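The primary structure of each chain is shown beneath.
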Amino acid sequence: EGTLTPGAYPSRLSNPDLKWETSEQTNFGFDARFFDNKLNINFDWYKKTNKDWLIKAPILDTAGAEAPWINGGNVTNTGVELALSYNNSIGDLNYSIGVNGSYNKNEVGNIPTEDGIIHGETNQLFDNSSEFYRAEEGFPLGYFWGFQTAGVFQTQEEVNSYTASGGMIQPDATPGDLIYVDRNNDGVINESDKTMIGNPNPDYIFGLSFSLNYKALDFSVLANGVAGNQIVQSYRNHANAFNNYTTAILDRWHGAGSSNSIPKVTEDNKNWTTFSDIFVQNGDYLRISNVTLGYDLSKMNPNKKFFASKFRIYVSALNLHTFTKYDGMDPEVGYGISTDDYNFSSGVDLGYYPRPRTYMIGLNVKF
């Protein structure tokens, strides 16, 4: 008869060389006011470096314990921030205009792994999907890594003529399949041809504001946006034939000359189970985030006393409109797909519920 023997084992591999993550930042800036404080200017230049980034090391499942924490390298953000505001009045009309914007460059420094890369997780976009984001020296954090495409094969003659050194580069392709770029010109499409196909980190972040009031009337508009970033969009499980596509699939290739951007849909679905730039879209947008119009009845007749010192009726619209070429539900993704173990993923849209457009009517009363 067996005997139960108490014991213990380490739940996580140790790392005696682990250090605290540190941050260094340098700032230069100024604040200035002109024209009797009507014009305000705020400027800031910064360089911030996070050193000895804490991240879990990728290990094999056969290790028998959880992955150790390691110091995964450095991440540097360099950029400028500028804010301008102007306030003035003309008789009973008071108005204010504000503009702010920032430019940021994100770059990963030395990573102390064998290949100098912290690889992203697999099996995230859909079943059995490959790695599609990573951290690598000299690149933006969490950049998108995959195949570049050069359109869609329209005819068998195009398939046959796509050659290198006398051999067909994609011998298994048929009309309607994606054309993958042979970046190293070796005549074979493989992992060596994958490259950076997108950056989830915006180059520019900006905001706009405008407000005015005239006697009893007030009006304000707020807007915000980003530019220079990309989004990975994957709304379906491409390894499963029974999930729905978006309406974009209606413009797929279905014969010579029909489409040079969206490939055909086949039973093996190989065009969609290989990560490429057809998943990547520009994420630029300008969102009208708030519009408010109000009227204070207590100020309607300054020569007549009102029963309240303030009786303001207002209407507001939140998320009124978003100007963007992104065809998903909401370009303001801001999310990654990873757990805390690989928390450098961002800019991935798996179909998150979009923020609603909201209309409100309200009343502010003050006695």
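First, a word on what this report is: a plain description of the structure on this page. (Residues numbered from 1 in each chain as written. Predicted model: local features only at pLDDT ≥ 70, side-chain atom pairs only at ≥ 80, totals over all residues. Heavy atoms only, no water.)

1. Quick notes on the overall build of the protein chain
In terms of regular secondary structure, the protein chain is built from 1 helix and 22 strands. Computed over the C-alpha atoms, the radius of gyration of the protein chain is 28 Å, more than 25% above the 21 Å expected from 2.2 N^0.38 for a compact globule of 367 residues. The principal-axis extents of the C-alpha atoms in the protein chain amount to approximately 90 × 65 × 55 Å. As presented, the protein chain carries roughly 21,500 Å² of accessible surface, and 53% of it is formed by carbon and sulfur atoms. (Helix = DSSP H or I, 4+ residues; strand = E, 2+ residues; numbered from the N terminus. Rg over C-alpha atoms; globule rule 2.2 N^0.38 Å. Areas by Shrake-Rupley, 256 points an atom, 1.4 Å probe, with all protein chains shown as cover.)

2. With respect to the nonpolar core
By size, the foremost hydrophobic cluster in this structure holds 31 residues, and its most contacted members are Trp53, Phe132, Val232, Phe275 and Phe344. Dropping the residues within four chain positions of it, Val232 is found in contact with Leu125, Phe132, Phe144, Phe275, Phe279, Val280, Gly347, Val348 and Asp349. (Core = buried A, V, L, I, M, F, W, Y, C linked by side-chain atoms within 4.5 Å. Buried < 20%, exposed > 50% of the residue type's maximum accessible area, 1.4 Å probe, protein only. Contact = heavy atoms within 4.5 Å.)

3. Concerning the sheet that holds strand β6 (residues 93–108)
Backbone hydrogen bonds hold the strands of a sheet together, and the pairing may be parallel or antiparallel. Ordered by their spatial adjacency, 9 strands build an open sheet running β1-β2-β5-β6-β15-β16-β19-β20-β22, and the pairing between neighbours is antiparallel. Only two strands of the sheet have a single partner each, and these edge strands are β1 (22–34) and β22 (358–366). Adjacent strand axes in the sheet meet at a mean angle of 10°, parallel and antiparallel pairs treated alike. Pairing of strand β15 (residues 204–214) with strand β16 (residues 217–227) involves 11 bridges; the strand directions are antiparallel. Among the inter-strand pairings, Phe206 is bridged to a residue of β16, identified as Gly225. (Pairing = 2+ DSSP bridges. Axes fitted to C-alpha atoms, helices over the stretch in contact; angles between N-to-C directions.)

4. Description of the environment of Phe35
Examined against the element boundaries, Phe35 turns out to sit in the loop between β1 and β2 (39–51). Its relative accessible area of 59% is what places Phe35 among the exposed residues. The sequence separation of Phe35 and Asn88 amounts to 53 residues, and the corresponding C-alpha distance is 10.0 Å.

5. Quick word on the side chain of Thr76
Note that Thr76 resides in strand β5 (residues 75–90). A polar side-chain atom of Thr76 sits 3.3 Å from a polar atom in the side chain of Thr49. The contact partners of Thr76, leaving out residues within four places of it in the chain, are Lys47, Lys48, Thr49, Lys105, Asn106 and Glu107. (Polar contact = N/O pair within 3.5 Å; in protein donor to acceptor, adjacent residues only side chain to side chain.)

6. What to know about unusual backbone geometry
Even without glycine at this site, Asp36 takes up a positive phi of about 55°. Looking at the element boundaries, Asp36 is found in the loop between β1 and β2. Residue class for Asp36 comes out exposed when judged on its relative accessible area of 73%. A positive phi angle is found at Asn128, which is not glycine, with a value near 65°. Mapped onto the secondary structure, Asn128 falls in the loop between β7 (117–119) and β8 (133–136).

7. Considering the layout of surface pockets
When its volume is computed, the largest pocket comes out at roughly 470 Å³. As for the largest pocket, its lining consists of 20 residues, of which Gln233, Ala248, Trp272, Ile278 and Gln281 are closest to the centre. A breakdown of the residues in the lining of the largest pocket according to their chemical character gives 9 nonpolar, 8 polar and 3 charged. (1 Å grid on protein atoms, 1.4 Å probe; cavity = no way out; pocket = protein on both sides within 12 Å on 5 of 7 lines; lining within 4 Å. Points joined across faces, edges and corners; volume = space filled by probe spheres on them. Nonpolar A, V, L, I, M, F, W, Y, C, P; charged D, E, K, R; others polar.)

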